[in-house]
Amino acid sequence: MAKGAISRDDILKTLEEYDDLGRDAFLDLYDHREASTYLLVHNGKEYDSKAIAGVAHKHQHGVPLTHKQLSGGLGHAVDWLKREGFTVVASRNPKWTRDELILACDVVVRNGWEGLSAEDPRIADLSDLLQLLAAYPEEERAATYRNRNGAARKTFDIATHHPDYTKKRTNGGRLDREVLQDFRDRPAEMAQAAHLLREGLKHGTLEPVLPEDDDDDAEDEASAPEGRVLYRRHRTRERNKGLRKKKIAAVLRAGGTLACEACGFDFEAVYGERGEGYIECHHVVPLHEAGEGTTKLSELALICSNCHRMIHRSAPWPTPAELRALVQRRVSEGERRTVPIPRTANVRSTR
């Protein structure tokens, strides 16, 4: 069924019908469900946004849209309603990001691995920082987004999952436990990451980075030791074209080649003219270790695309030298054994 646009008047008529019938009867009549993510707010009342948009469709186009015929999120029902001047808010708060958990876990660590109450001034500071971080766009945040109660509850989610905790645990998630373990395995590194996040947010030197499903770096950011925001700053330094050109020029002046410092791959040797002058640049010292400051050419390494991805794939990040040692060890092992070649289902044996 084709979906046509709806007007403000269509929506107002639907809100009136919703009020007359009552929520349950309205949803049953038009085959809709309770809103799971977004609510329409009008005259101090909350309405199921997807149901309102779907039923409003009948006033101009003859038939309402059911829950199966309409997307209730951003890009469809929500956009329709907001375009006509209505307020749409999130019905629940989104999951905590790694950056947010780094800030929360650092507070727990500095409190002796114990959770904090909502009245604690350190929780007030944490809540303020989370608001500055703004890990999600405003339309995806509920009214209680990262408030003091929520921030305090998260500190207990983290603290009660510490291996030494013996009482009943709260409902912490997988990422809570991962960040907790990172603080146990690499305490100095994670404390420095939290420090940089706090200082950057307080002084306005770090800009929030919203989640982007189609971002090429999304997989790397999900496991970056320093979190999404600092990782983006780190990658921005790596992508600085001026620094990359200076590094390449310095290597060539010294008589070197543009071969990967980790595996030795040379783009020009393999691809000829198309690969001439190409190599990626990696900042050897992560931002959470180096802090802010001027980047020196000695801190940059020239590596191929594959090695670059392998370095950033998970924490802790290996240096190019450490990755080179891994590659050489694997090559050496391969020379001593025969590696079986997997057979695919669509290849027939010639025997």
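Anything mentioned here points back to the structure above.
Presented here is an overview of the structure given in this document. (Residues numbered from 1 in each chain as written. Predicted model: local features only at pLDDT ≥ 70, side-chain atom pairs only at ≥ 80, totals over all residues. Heavy atoms only, no water.)

## Some points on the packing of helix H6 (residues 98-110) against helix H9 (residues 174-185)
Moving on, step 1. Packing of H6 against H9 leaves a shortest axis separation of 10 Å and a crossing angle of 55 degrees. As far as their axial angle goes, H9 and H6 are oblique. When you trace H6 past H9, the crossing you get is right-handed. Taking contact as the criterion, the partners of Arg98, Leu101, Ile102, Cys105, Asp106 and Val109 in H6 are, on H9, Leu175, Asp176, Val179, Leu180, Asp182 and Phe183. (Axes fitted to C-alpha atoms, helices over the stretch in contact; angles between N-to-C directions. Helix = DSSP H or I, 4+ residues; strand = E, 2+ residues; numbered from the N terminus. Parallel < 35°, antiparallel > 145°, perpendicular 65-115°, else oblique. Left-handed = near helix turned anticlockwise from the far one by under 90°. Contact = heavy atoms within 4.5 Å.)

## Description of the packing of aromatic side chains
Moving on, step 1. Within this structure, the stated rule accounts for 7 aromatic pairs.
Moving on, step 2. The interplanar angle of 85 degrees and the centroid separation of 5.0 Å between the aromatic rings of Phe265 and Phe267 together place this pair among those described as edge-to-face.
Moving on, step 3. Among the residues examined, Phe265 registers a relative accessible area of 27% and is labelled partly exposed.
Moving on, step 4. Centre to centre, the rings of Phe267 and Tyr271 are 6.3 Å apart; their planes meet at 25 degrees, and the pair counts as stacked. Separated by 4 residues within a single helix, Phe267 and Tyr271 lie in helix H14 (residues 267-271), roughly one turn from each other.
Moving on, step 5. Since its relative accessible area comes to 11%, Phe267 is described here as buried.
Moving on, step 6. In this structure an aromatic cluster arises from ring pairing among Tyr18, Phe26, Tyr30 and Tyr47.
Moving on, step 7. Between the NZ or CZ atom of Arg8 and the centre of the ring of Phe86, over which it lies, the distance is 4.3 Å.
Moving on, step 8. Cation over ring: Arg141 sits above Tyr145, and NZ or CZ is 5.2 Å from the ring centre. (Phe/Tyr/Trp six-rings, centres within 6.5 Å; stacked < 30°, edge-to-face > 60°. Buried < 20%, exposed > 50% of the residue type's maximum accessible area, 1.4 Å probe, protein only. Lys NZ or Arg CZ within 6 Å of the ring centre and 35° of its normal.)

## Some remarks on the pairing of strand S1 (residues 38-42)
Moving on, step 1. Counting buried positions along S1 gives 4 out of 5 residues, so the element sits mostly inside the fold.
Moving on, step 2. In terms of strand pairing, S1 meets strand S2 (residues 45-48) through 4 bridges, oriented antiparallel. Within the sheet, the bridge partner assigned to His42 lies in S2 and is Lys45.
Moving on, step 3. The turn linking S1 back onto S2 is made up of 2 residues, and Asn43 within it adopts a positive phi angle of 50 degrees. (Pairing = 2+ DSSP bridges.)

Nothing here speaks to function; it is all geometry.
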